[in-house]
Every structure is written in structure tokens, then in C-alpha cells.
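# Structure assessment
Residue-level listing of the chains:
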Amino acid sequence: MASGHSSHILILFTYLLLALSASLVHAWTRVGFYSASCPRVESIVRSTVQSHFRSDPTVPPGLLRMLFHDCFVQGCDASILISGSNTERTAGPNLLLRGYEVIDDAKTQLEAACPGIVSCADILALAARDSVVLTNGPSWVVPLGRRDGRVSLASDTANLPAFTDSVDVQKQKFSALGLNTQDLVALAGGHTLGTSACRFFQYRMYNFTKVGNGAVDPSIDSSFLLQLRALCPQNGNDSKRVALDTGSPNRFDTSYFTNLRNGRGILESDQVLWTDASTKTIVQRFLTGLSFNLQFGKSMIKMSNIGVKIGNAGEIRKICSKIN
């Protein structure tokens, strides 16, 4: 009974800290932005995400990844949602993103409740948070007030973090957007949810050229190597999906970091977070749930304020996939 009470206090304390972080982030977004103009915005987005989650439990990692890919290109302006030739969503790194229908559904409902008020960028930021909560992860207060961008170009996605990136390259990409090494490791922890196609890590098992032709990535645990080869044979279907977190792929927890410690990371860009001394200490700290949950919320607030557009720099789209 006492331990349960203590857990409740810790959860409450974590939420209060995240609320404080949200209130201090940036002047151009703020908590309660729609309190007068569209007071039901959060409940509408939350119920929409919940509804889609009930029919498709794989929705949360899709929405979480979509926000990440949006914010890293032109800032958090919903440019990832724009459809058409040569837009961001047609670029290689974005072809497998999913969850667009959830955002469209929420937008339709919000346009009925408060037309022309809520941006698609804010809907995406809220939906990503709600996705984490639905999978047993932490909650955080989302500052709102983003406007939607008018530019979406596939060519702008070249600097998205890639599965072959070294820690140094990852640091450079994150630092360029105002994110530090702690943010990098925390946000990588989002890979506790979702899957990857075999083609993105198969080379680690059969032809890891950083060691030699036909070599195996030495950071892969030997028993895990056998499991991976069974899931992804050398000449098998390279589009087959494999869980990024083999311990609990549909639950937001710290087993992703446990996997890295045990040489069971799926992507090279994930596993190097353990083999590089500068990130290993952070991974070790995140092996405890409270530390990771708190930092993940803080880093998500920070990331979702990258390149926010205000005033005439953006618009409130009527349909999220189309510029007005």
C-alpha cells in the first residue's frame, strides 16, 4: 500500500515538473493557447487518437515518428502532412510513415467544433503525446500556438537522422536544431515503440563493411544474431517488419535501453549509443524508468518547439494535406 502511494507521488511529481518545463520553453507557444477559442481541442484530439488506437494498436509509433520527422525538417509546421509530388512525405525516409488518417480525422472534428482555429501542427504535437500515454508512457503538457507551414519539399529531408549515423553525426544533426546529447538519447528511446524493415539493418548481420566484407557487426549479441537471421534471412523479404524493441514492442518503457546494454539493438544508430562513451552514461541512467520518462517529456517539449511559425510566417490550414 505504501509503495503504491509512493509511486503515485512520483508520477504526480514527474507531471508537475513537465508542466513547469512546458511553461518555460518558448514565448511563441504557450499552455492554454486555445482555452478561449477552442477549449475542447485536447479532448477532441485525445478521443480521436484513442478511437484509432482501439482499431489499430500500431498507430502510436507512427504518430510519434511523424512528429519527429516533421520537426527535423522546416521545424514543427506540419509540412510532413502536405500531399503532392516532391513533398516531404514522398521522400525516402518518410515513405513508411503512417497515421495521416488520424490527423485528418481530428482536423475534421476540430473544424466542425471551432473552424479555422486549430493548426495541423498543434494537432500533430498533441497526437504524438497522446500516443505515448496510450502505450503506458509519460504525459506532458504541450504548449500550443504553432501555425502551419506553406512549404514542403522532399529535398529538405536530407538531414533527417539516418539508421547508419554514427554518434558524432547524430550529435551534429541534433545540435543544429538546438537539441543536446541528452535530448538525442531520450528521443531515440521513442524506438521502444514500432518496427523496422529488415532492409534497414540486414547489412549488420551479413555484410558489415565497417569491419570487412561479409563481416558481422561485432556489437550484436551472438544469441540475438541467430534470432535476427531467422527473422531476416540473407535473401529473404527485406520489407518484413521487426520490432525495434524486442522486449515489449507495443509498450512505452525502458526495455529499449536494456536491449542496447545487451547488444540487442536493431538499428546501428541505436546500438552505437551504448558503444560510444559519451552516450553510454546517459543510456545507463535511463535504464531506470522515472529518469527516462521525465527527460523524454522535457525533450519532446523542446523538440516540438523547433522552428515554430507564428503570425504571417504560417497559416491555419483548412485541410491538413493541402496548403490554403
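Described below are features of the structure shown in this document. Residue indices begin from 1 for each chain and proceed along its sequence in written order. Residues qualify for local features only when their pLDDT is at least 70, as the model is predicted, and side-chain atom pairs are given and counted only at 80 or more; totals for whole chains, interfaces and linings, by contrast, use all residues. Calculated side-chain values reflect all of the structure's heavy atoms, with hydrogen atoms and water omitted.

## Considering the overall build of the protein chain
Labels follow the DSSP assignment, with helices taken as runs of H or I lasting at least four residues and strands as runs of E lasting at least two, numbered in each case from the N terminus. When you go through the protein chain residue by residue, the secondary structure sums to 13 helices and two strands. Relative to the globule expectation of 20 Å for 324 residues, the C-alpha radius of gyration of the protein chain, 20 Å, shows essentially globular dimensions. If one aligns the C-alpha atoms of the protein chain with their principal axes, the spans along those axes are about 60 × 60 × 40 Å. Exposure classes here rest on a 1.4 Å probe applied to the protein chains alone. A residue is buried below 20% of its type maximum, exposed above 50%, and partly exposed in between. Here the protein chain holds 324 residues, and the buried ones make up 50% of them. In the protein chain, of all internal contacts separated by at least 6 residues, the share reaching a separation of at least 24 is 75%. For the protein chain, the accessible area works out to roughly 14,100 Å², and carbon and sulfur atoms hold 57% of it. Just so you know, the count uses Lys and Arg for positive and Asp and Glu for negative, and it drops His and the chain ends. The atoms used to mark charge sites are NZ of Lys, CZ of Arg, CG of Asp and CD of Glu. The average position of the 31 basic charges and that of the 25 acidic charges among the side chains of the protein chain differ by 2 Å. The globule rule used here is 2.2 Å times the number of residues to the 0.38 power, and the radius of gyration it is set against is calculated over C-alpha atoms. Between two residues, a contact is recorded if the distance between any of their heavy atoms is within 4.5 Å. Reported accessibility uses the Shrake-Rupley method at a 1.4 Å probe radius. Residues are deemed covered only where the shown protein chains occlude them.

## Quick notes on the side chain of Arg-317
Inspection of the secondary structure puts Arg-317 in the segment after α13 (289–303). In terms of polar contacts, Arg-317 uses its side chain to reach the backbone carbonyl oxygen of Gly-149, at 2.9 Å. Here a polar contact is recorded for every N or O atom pair within 3.5 Å, except that within protein the pair must consist of a potential hydrogen donor and a potential acceptor, and residues adjacent in sequence are included only if both atoms are side-chain atoms.

## Structural notes on the nonpolar core
The definition of a nonpolar core used throughout is a set of buried Ala, Val, Leu, Ile, Met, Phe, Trp, Tyr and Cys residues joined through side-chain atoms within 4.5 Å. Judged by nonpolar contacts, the single largest core of 66 residues is most densely connected at Leu-81, Ile-103, Leu-110, Phe-296, Met-300 and Met-303. When residues of this core are assigned to their parent elements, the largest contribution, nine residues, is made by helix α5 (residues 120–134). The residues touching Leu-110, leaving out its near neighbours within four places in the chain, are Cys-38, Val-41, Ile-44, Val-45, Pro-115, Val-118 and Ile-123. Counting residues in each nonpolar core, the second largest holds 13 residues, with Cys-198, Tyr-206, Cys-232 and Ile-266 among its members.

## Side note on the packing of helix α6 (residues 167–175) against helix α7 (residues 181–188)
Orientation is described by axes fitted as lines to C-alpha atoms, over the contacting stretch for helices, and by angles from 0 to 180 degrees between their N-to-C directions. At a closest axis distance of 9 Å, the pairing of α6 and α7 adopts a crossing angle of 105°. The orientation of α6 with respect to α7, classified from their angle, is roughly perpendicular. Together, Gln-170, Lys-171 and Phe-174 of α6 and Thr-181, Asp-183, Leu-184 and Leu-187 of α7 make up the contact between the two elements. Basically, the charged four are Asp, Glu, Lys and Arg, the nonpolar ten are Ala, Val, Leu, Ile, Met, Phe, Trp, Tyr, Cys and Pro, and anything else, Gly included, counts as polar. Each residue belonging to the contact of α6 with α7 can be placed in one class, and the counts come to three nonpolar, two polar and two charged. Orientation categories follow fixed angle ranges, with anything under 35 degrees roughly parallel, anything over 145 roughly antiparallel, 65 to 115 roughly perpendicular, and all other angles oblique.

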